[in-house]
Amino acid sequence: MLRLARLVLLLLPAAALGQDYYGHHDQTILSSDARPSKSIAIVGAGSGGLAILKTLLDLPPDVREGWDMVLYDQRHDVGGLWLPDPPGPLPRPPELPESPVYPLLHTNTPHPTMTYPNFTYPPLTPLFPSHEYVQQYHRDYAEHYGLLPHIRLFHRVAAANWVGDAESGKWDIEVHELDPEAPRGEPLRVLKRSFDHLIVANGHNHYPHIPQWNGTEGWLANTPPGTPKRELMHSIYYRRPEKYTNRSVIIVGAGASGRDAALQVGKTARVAYQSLTPKNEPTPGANVIPKPRISHFTNTSVVFEDGTSLDDVDSLILGTGYEFRIPFLSPPHSSILAVDPDTTYNSTTAPTLISNLRYIFPLYRHIFSLSPGLPPTALSFVGLPVLVANCPSDIAQSLFLAHALANSSVLPSRSEMLQDLVSREATLRSEGLDPYYVGHRLISPSETDHDYQDSLVEYLKDVGALPHDGRKFVEEWRRLGRTESRLLGRAWERMVRLGQEREWLEGVETEDQWADLMTRLAEWQRAYEEKHGVPAEQFVSYE
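Here the structure is a predicted model, which means the values were calculated and not measured.

The rules behind the values
- Along each chain, residues carry numbers from 1 onward, in the same order as the chain's sequence is written.
- Whole-chain, interface and lining totals are the exception, using all residues; otherwise, since this is a predicted model, local features are given only for residues with pLDDT of at least 70 and side-chain atom pairs are given and counted only at 80 or more.
- To obtain the side-chain values, all non-hydrogen atoms of the structure were included, while hydrogens and water were left out.
- With a 1.4 Å probe rolled over the protein chains alone, any residue whose accessible area is under 20% of its type maximum counts as buried; one over 50% counts as exposed, and the rest are partly exposed.
- Secondary structure is summarised from DSSP: a helix means a run of H or I of at least four residues, a strand means a run of E of at least two, and numbering begins at the N terminus for each.
- By definition, two strands form a pair when at least two bridges between them are found by DSSP.
- Orient the strands so they point away from the viewer, and a crossover whose first-strand-to-second-strand path over the helix runs clockwise is right-handed.
- One fewer than the residue count of a helix, multiplied by 1.5 Å, yields its expected span.
- The contact rule is simple, with two residues in contact once any of their heavy atoms fall within 4.5 Å.
- Salt bridge, as applied in this entry: a Lys or Arg side-chain nitrogen positioned within 4 Å of an Asp or Glu carboxyl oxygen.

## Description of the pairing of strand β4 (residues 68-72)
At step 1: Within β4, four of the five residues are buried, which leaves the element mostly enclosed by the surrounding structure.
At step 2: Across five bridges, the pairing between strand β3 (residues 39-43) and β4 is parallel. Residue pairing across strands places Ile-42 opposite Leu-71, the latter belonging to β4.
At step 3: Following the chain from β3 across helix α1 (residues 47-57) to the adjacent parallel β4, one finds a crossover that is right-handed.

## Points about helix α10 (residues 485-498)
At step 1: The end-to-end C-alpha distance of α10 is 20 Å, a good match for the 20 Å that 14 residues give at a rise of 1.5 Å each.
At step 2: A large share of α10 lies buried, amounting to 10 of its 14 residues.
At step 3: For α10, the full list of buried residues reads Ser-485, Leu-487, Leu-488, Gly-489, Arg-490, Ala-491, Trp-492, Glu-493, Arg-494 and Met-495.
At step 4: Summarising the contacts, the buried residues of α10 are in contact with α9 (476-483), α11 (501-505) and α12 (511-532).
At step 5: One or two residues past the end of α10 sits Gly-499, with phi positive at roughly 70°.

## Things to note about the pattern of salt bridges
At step 1: Scanning the model with the defined rule gives 29 salt bridges in all.
At step 2: We note a salt bridge from Glu-231 to Arg-247, for which the minimum N-O separation is 3.7 Å. Taken together, the residues span a long stretch of sequence, with Glu-231 in strand β10 (residues 231-234) and Arg-247 in the loop between β10 and β11 (248-252) at a distance of 16 residues.
At step 3: Via salt bridges that share partners, Glu-458, Lys-461, Asp-469 and Arg-471 belong to a single interconnected network.

Given below as structure tokens:
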């Protein structure tokens, strides 16, 4: 039930009217008469944190009058995972790098499909840019929209505790101000502040998932004489393929990092293998030998599930993904988020928010905590969905969240939100998917990344917060660019080989021009492949 009768419509100032709802947009804030000041803490200055900060600042000034919004990030600049580690040697396990970025990293989908709406990459940007371009894009976005005064870099949120109940309360948040010269050392100051709302937007590519196999310690301890010291490391530590020259390497996994490692290390290793689940295939264009999943290790060999083994392996690179952990919400720092990979709770029985390392639940629309002890808008998340175009997805989530913070009556009742979540999980099960394993990955035919974004914005239209303008949030050209990303990747490779990048990119600046470029490029490559066949891929999309 939308409860519109209790809502008062406040229109944007006239200067904002007529512009689309991706930036300064035609939006109606559904608000009660009383508009108390709010304090909002945001954690993380990656794509999600910047999106929600900008969207909150886009609210009409009279709606957010007196609001105090602060974004904390422990690193030296904005950009999240796209910001590389500072110069110097990488930390060694168990200490983690600040970022999984490696020098050869580039985007795996065309950048126009990944942008914040109405904010394009600069002219002449490669269609599949390296990480340096992406980090600078986020920096440019923060500068262009005046976000930096609200951002506190070198500030790490250490603990966040809710003092209150399911109806009202405050967050007590402990923040450590880090020493820019030694950010891993003792903090310069410990700050304690109270906030009304906490928004977590610190990403999900920091805490590596490392499978456990029997025998790894014995294998690592028995390097044969005259060979490189054996190693088993997660891809978060991977940087350059040259390290593996003349080595025998197993790359575990076929996700983004596994595929990149296969393409890069396969060119330098003496021999490279790719260990895959039954449903996966070797990375196209990679010089690797496919192997099944690893069963266990002996002192001399790596043994696979089909009974075969390899006794000449020097290194394993684990492209095995990341775990959903938020230390400042979990014991010993807080009791808000329980972490239990073997939990038997589900979304209806959970006594608190729970992470099984793949899935944080119960959450409404991957955004709002439905923990029994918190009001639904007290704790929210931006950027949890996986396998999405982050910037536009983060804006769609931020629009939903910003309106809910302006007035919580925008949201359905707690029981209705919980039923929506239970229905989603039931739909996944009916499609043969385990919602507690799939987690926040939008891989279901009933919940694609674009449909998810559209559904959030359509809901706001249905409650009267945004105008029914007959348009979808996700433009058709974004859908096309994502669908055709592998074709466009092959086109870009051919363009680079022909030295035609500038010829194609010259004069392309606006969203419409980037969309037209992708259309022309896809047609160009499709015609070539109809005549010459599909070439072996060196570029890979990780859709």
